[in-house]
Amino acid sequence: MFLKNAWYCAGWDHQVGIGRDDLVTRRIANQSILLYRTPEGQVVAMEDRCPHRSAPLSLGRKEGDAIRCMYHGMLFGADGKCRHIPGMERIPDNARVPTMPVVERSGWIWVWMGDPAKADPDLICYAIGPDEPGWVLRTNHIMINTDYRQEIHNLADLSHISWVHDVTFAGSDDWGYIKPRHSMTPRGIETRYCVRGIPAPNFVKHLFPEDARFDIQVHVRLSVPCNFILNFAVHEAGDATSGPTNGRLLLDTYSSQAVTPREEGSVDYYFSWGVSEETNFPGIVELMHRTNYQAFLEDKRILEGQWQRMQEYPGAPEIDIVHDAGPGRMFWVLDKLLAEEAAEAEAQAAQPEAEVALS
Amino acid sequence: MNGSWIEARVVGKQPAARDITRLVLEAAGGGPLPPFAAGAHIDIELPNGLIRQYSLCGSPACTERYELGILLEPEGRGGSRAVHELIGEGDRVRISPPRNLFPLAAEGHALLLAGGIGVTPILAMAERLHLDGRGFALHYCVRSADRAAFAERLAAAPYADAVQLHYDDRPDTALDMAALLERAPNDAHLYVCGPAGFIDFVTRSAAERGWPDARVHIERFAATPEEAGANQPFEIEIASSGQVITVRADQTAAAALAEAGIEIPLSCEQGVCGTCLTEVAAGVPDHRDLYLSADEHAANDCFTPCCSRALSARLVLHI
C-alpha cells in the first residue's frame, strides 16, 4: 500500500534535461509517470499513458511545452489537456492526461501523487542538496528489488551497519549495541545519538593509527514515504559519557537519501553523500562517493535476498528485537496516514452518486 | 522463521488442572514426529490464525506424540483461549518443528524450578535427566493444589522422590529458596521457567549468592500480563497537562491512554521492540519488558506502556 497524499522523489534534477529526447519515465507507487522540461525549464509530470489507446507518451515527441503521442498524433499541453487531434475538429472534454504537481528542491524533483489541492510544498522533507553552499556532495542512484517497507526497516535501524557493511562503514560491532531514542514528527521520526569510542570505519582505517578512536554524532530525520536525511559527524573520541560528544570535529558529513517505491517489491533509491567545506580534504569526497555506492550494493544484496525469502514464505511470522523501536515508530506514523487515506476514500465512495457526478 | 510446517492431529485433549488443558498431538499422516531435546517448544497455528509457542512436556524419548500443557489466560490476546475453546480431538493443526532455547547443560546436578504453567519444559527435563541417570531435584510452585497440572503424573513417576510441590495457600509448603541454593552441589545448574515475577525472584536469589550466569538457565514466556487477576489498577498523570487517567486491572497502560485519546506508538505489544517507550517523570514502573536492560529498569526514567505497569499508585509521564 502506498500513500497518495505525499511528495515522492522522482530523481535528481539533472536527470531531466531540456533536450529533444529528454522524455524521462518513472514508475512511482504503481503509476507510470512521464517527466519532461518545458522551454521555460519547468518540469512537467503526467501519466505516461495516452487516454486514447494507452500508448506511452514517453515514446512521443516534444513540441514546445507540449507532448505529441506518436501513435495517432494527439497533442497534449503541459496541463494534460489535449490541444489537437489530427483529423478531428472538436476535441472531446475527456481527452486529457492526469498531471501531478511538481516541485524542484534541494536538487531533487518531487511529485505529488495525491489530491492536487493538498499538495503543500511545506511537506517536502528537508535535505542538503548538491548545490547547497558550504557543502561538497556527490549524487547517485540505485534500484533495489525490495519493498519500501523493508527499506524503512533498514534505515530506521542503523545497527545493521556493523553487519551488512562489515567491509565498508563498520569498523567494529559497536553499532549493534546502540539503543537510540526516537522522537516522533508529524510525518516520521527524528533520532540523535552518539556512538562513542569506536575504531575507524574499515574504508578509512588505513588513514589512522590502529588505536585511534572516534565518536560518531548521528542525526537522522526519516519521513514518509521513506526519505532519510542523515547528518553523520566524525569526531575524535571525547570523554563525555552521555549527551553530545566533546571530541574535536574531524569530518562533518551529510547524506540525503530518498527511497521511492516503484511498486510492491521494487524501489528507486536516490542518494548523496559529502562533507562540509570546512572539514573537506583532498580525495575524501571521491572516496566517500565510491564507498557509499559499494555499501548500498551491500544493502541491495541483503535486502533482495530478504525480499526473495519473504516471497517464498508468505505470511511467515517474524519476531521483533531490541533494534525495532525506530522501524516500529516509523510504521506507526505511515500506517496511521495510510488508514486515514483509506477512511477518506471509503467516505468518498459512500457519497450519493449524484454528488460524485457533479464534482 | 518456520521452514516447514508439520500437519498434526489432536489425539487427546483433557483438563490437566484448573484452567489448564493437556493437548496430545500426533503426525497427521502417521509415523514419528521430529525428535526433540528437553526444554524445546513448538509453534502451533491456531484456528483463529494466531501462532503461539508452547513447550513440549512429554518424554523426549517419545517421538510418537507431542504433549503440551496450556494455561487459559482470559486477559491474553486469544491464543490460549483458542486452544481451550476452538480445538477439539480429531482436529488437524499445523505445528513447527521443535526449537530449543532452554536446553539442559551437558553435565552437572540440576535444580529444576517451575512456577505454574512453567512446569511444562521442566517435565521434559525431569524425564531426560531420569533416563540419563543424572541427579536432579524438581520444585514446583503453584498458587493452590487445584492448579497443579501434571501433579498426578509427577506423583506416579519413578523419580517422584525428587519432586516437591509448594502451594502459595499453604505456608507450611513454602519454598525456602535460600536453603535450596545453599545446599545445592557445587556443580549444580539452575533451570527456571514460570511467570516473570517468579523468574526474577529465583534469578535474584541466585545472583545474591554469587551463582554465575552460566549456571542459571531461564525460559520466559512472552512478556504479556501473565497472571490474570494479579494486576492492580493504577493512575497515570500526564506531566504537561496534569490530566489523570486510571489504568484498570484488565487493561494495559497504552490501552487506557488510547481510551483517553492519547495515542502511543505501538508495534510488538509484548515489551520486546521498544516502539512505545515513554518517559517517566515520577513514580515507579513495574517493568515487564525485555527491551530495557537491568540498569535501565533501575533508572525508572522510562517504561513500555504496552505491557509494563506501576509499583507506585501513580506514574507521571512525559508524553
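A brief structural summary. Since the structure is predicted, the reported quantities are computational estimates derived from the model, not experimental observations.

Cut-offs used in this document
- Residues numbered from 1 in each chain as written.
- Chains lettered and ligands numbered in written order.
- Predicted model: local features only at pLDDT ≥ 70, side-chain atom pairs only at ≥ 80, totals over all residues.
- Heavy atoms only, no water.
- Helix = DSSP H or I, 4+ residues; strand = E, 2+ residues; numbered from the N terminus.
- Buried < 20%, exposed > 50% of the residue type's maximum accessible area, 1.4 Å probe, protein only.
- Contact = heavy atoms within 4.5 Å.
- Areas by Shrake-Rupley, 256 points an atom, 1.4 Å probe, with all protein chains shown as cover.
- Phe/Tyr/Trp six-rings, centres within 6.5 Å; stacked < 30°, edge-to-face > 60°.
- Pairing = 2+ DSSP bridges.
- Axes fitted to C-alpha atoms, helices over the stretch in contact; angles between N-to-C directions.
- 1 Å grid on protein atoms, 1.4 Å probe; cavity = no way out; pocket = protein on both sides within 12 Å on 5 of 7 lines; lining within 4 Å.
- Points joined across faces, edges and corners; volume = space filled by probe spheres on them.
- Nonpolar A, V, L, I, M, F, W, Y, C, P; charged D, E, K, R; others polar.
- Left-handed = near helix turned anticlockwise from the far one by under 90°.
- Buried area = accessible area lost by both parts, 1.4 Å probe.
- Salt bridge = Lys/Arg side-chain N within 4 Å of Asp/Glu carboxyl O.
- Polar contact = N/O pair within 3.5 Å; in protein donor to acceptor, adjacent residues only side chain to side chain.
- Core = buried A, V, L, I, M, F, W, Y, C linked by side-chain atoms within 4.5 Å.

Looking at the overall build of chain A
Reasoning step 1: Helices and strands together make up the secondary structure of chain A, namely five helices and 18 strands.
Reasoning step 2: Within the span of chain A, comprising 359 residues, buried residues form 52% of the whole.
Reasoning step 3: Long-range contacts, defined as pairs at least 24 residues apart, comprise 58% of the intrachain contacts of chain A with a sequence gap of at least 6.
Reasoning step 4: Entry remark: accessible area of chain A is about 17,400 Å², with carbon and sulfur atoms responsible for 51%.

Describing the packing of aromatic side chains
All names here are of chain A.
Reasoning step 1: Evaluated as defined, the whole model comprises 17 aromatic pairs over all chains.
Reasoning step 2: Ring plane angle 10 degrees and centroid distance 6.1 Å describe the contact between Trp 175 and Phe 232, whose orientation is recorded as stacked. Of this pair, Trp 175 sits in the loop between helix 2 (161-164) and strand 13 (182-185) while Phe 232 sits in strand 16 (residues 227-236), and the two are 57 residues apart along the sequence.
Reasoning step 3: Relative accessible area serves as the criterion here: at 3%, Trp 175 is assigned to the buried category.
Reasoning step 4: On the basis of relative accessibility, which here comes to 14%, the residue Phe 232 falls in the buried class.
Reasoning step 5: Plain terms: the ring middles of Phe 271 and Phe 296 are 4.4 Å apart, the flat faces sit at 50 degrees to each other, and that makes the pair tilted. One end of the pair, Phe 271, is in strand 18 (residues 266-276); the other, Phe 296, is in helix 3 (residues 284-312), with 25 residues separating them in the sequence. Accessibility assignment for this pair places Phe 271 and Phe 296 in one class, buried.

Some remarks on the environment of Pro34(B)
All names here are of chain B.
Reasoning step 1: By the secondary structure assignment, Pro 34 is in the loop between strand 2 (20-27) and strand 3 (41-45).
Reasoning step 2: Residues Pro 34 and Ser 96, 62 residues apart in the sequence, show an inter-C-alpha distance of 9.8 Å.
Reasoning step 3: Residues within four places of Pro 34 in sequence aside, it is in contact with Ile 6, Tyr 66 and Pro 98.

A few points about the pairing of strand 15 (residues 214-223) of chain A
Reasoning step 1: With respect to burial, strand 15 of chain A is a largely interior element, eight of its 10 residues being buried.
Reasoning step 2: Between strand 15 of chain A and strand 16 of chain A, which follow one another and run antiparallel, lie three residues.

Some words on the sheet that holds strand 13 of chain A
All names here are of chain A.
Reasoning step 1: With antiparallel pairing, seven strands are arranged side by side in an open sheet as 12-18-17-16-15-14-13. Whereas interior strands pair on both sides, the edge strands pair on one side only; in this sheet they are strand 12 (135-144) and strand 13. Mean inter-strand twist for the sheet, computed between neighbouring axes without regard to direction, equals 15 degrees.
Reasoning step 2: Note: strand 14 (residues 188-198) against strand 15, nine bridges, orientation antiparallel. In the strand pairing of strand 15, Arg 192 is matched with His 219.
Reasoning step 3: Across the sheet, helix 3 is in contact with strand 12, strand 17 (249-263) and strand 18; its angle to strand 12 comes to roughly 20 degrees.

So, empty space enclosed by the protein
Residue and element names in this part refer to chain A.
Reasoning step 1: Inspection of the entire model under this criterion finds three cavities of 30 Å³ or more.
Reasoning step 2: In this model, the largest cavity occupies a volume close to 150 Å³.
Reasoning step 3: Of all the elements in the fold, those that place two or more residues in the lining of the largest cavity are strand 14 and helix 4 (325-349).
Reasoning step 4: With three residues, strand 14 is the largest single contributor of residues to the lining of the largest cavity.
Reasoning step 5: Tallied by class, residues from the lining of the largest cavity come to 11 nonpolar, five polar and two charged.
Reasoning step 6: What the second largest cavity holds in volume is close to 40 Å³.

Here's the deal with the packing of helix 1 (residues 148-155) of chain A against helix 4 of chain A
How two helices sit against one another is set out by the angle between their axes and by the gap between those axes.
Residue and element names in this part refer to chain A.
Reasoning step 1: It is the contact of helix 1 with helix 4, at a shortest axis distance of 9 Å, that shows an interaxial angle of 145 degrees. Crossing of helix 1 against helix 4: the hand is right-handed. On helix 4, the residues that touch Tyr 148, Arg 149, Ile 152 and His 153 of helix 1 are Pro 327, Met 330, Phe 331, Leu 334, Asp 335 and Leu 338.
Reasoning step 2: For the contact of helix 1 with helix 4, the per-class residue count stands at seven nonpolar, one polar and two charged.

Quick look at the interface of chain A and chain B
Frequently, the measure chosen for interface size is the accessible area that the parts lose on association.
Reasoning step 1: Taken residue by residue, the interface counts 17 residues in chain A and 21 residues in chain B.
Reasoning step 2: Across the interface of chain A and chain B, roughly 1,500 Å² is buried in total on both sides, 56% from carbon and sulfur atoms.
Reasoning step 3: There are one salt bridge connecting chain A and chain B.
Reasoning step 4: Across the pair Lys179(A) and Glu296(B) runs a salt bridge whose closest N-O atoms are separated by 2.5 Å.
Reasoning step 5: Linking chain A with chain B are six residue pairs in polar contact (both at pLDDT 80 or more), by the criterion used here.
Reasoning step 6: If you tally residues by element for the side of chain A that touches chain B, the top one is helix 4 of chain A, at five residues.
Reasoning step 7: Residue composition of the side of chain A that touches chain B, grouped by class: 10 nonpolar, one polar and six charged.

So, the nonpolar core
Reasoning step 1: Leu35(A), Val111(A) and Trp175(A) are the most contacted members of the largest nonpolar core, which has 71 residues in total.
Reasoning step 2: Ignoring any residue separated from it by four or fewer positions in sequence, one finds Val111(A) in contact with Ala6(A), Trp7(A), Tyr8(A), Ala10(A), Leu35(A), Ala45(A), Met100(A), Pro101(A) and Val102(A).
Reasoning step 3: Counting residues in hydrophobic clusters, the runner-up holds 57 residues, among them Leu25(B), Val93(B), Ala114(B) and Ala126(B).

Points about the pattern of salt bridges
All names here are of chain B.
Reasoning step 1: Going through the model one piece at a time under the given rule, you end up with 34 salt bridges over all chains.
Reasoning step 2: Across the pair Arg 65 and Glu 26 runs a salt bridge, and its minimum N-O distance is 3.8 Å. Highlighted residues: Arg 65 in the loop between strand 4 (51-55) and strand 5 (66-71) and Glu 26 in strand 2, separated in sequence by 39 residues.
Reasoning step 3: The shortest N-O distance in the salt bridge between Glu 237 and Arg 314 comes to 2.8 Å. Separated by 77 residues along the polypeptide, Glu 237 in strand 12 (residues 234-238) and Arg 314 in strand 18 (residues 314-318) bring together distant segments of the chain.
Reasoning step 4: Put simply, Arg 22, Glu 67, Glu 127 and Arg 153 are held in one network by salt bridges that share partners.

Here we look at the sheet that holds strand 4 (residues 43-47) of chain A
All names here are of chain A.
Reasoning step 1: The four strands lie next to each other as 2-3-4-9, forming an open sheet whose pairing is antiparallel. At either end of the open sheet lies a strand with only one pairing partner, and these are strand 2 (24-28) and strand 9 (99-100).
Reasoning step 2: Two elements, strand 2 and strand 3 (residues 31-37), share five bridges in a ladder whose sense is antiparallel. Residue Arg 26 lies in a different strand from strand 3, and its bridge partner there is Ile 33.

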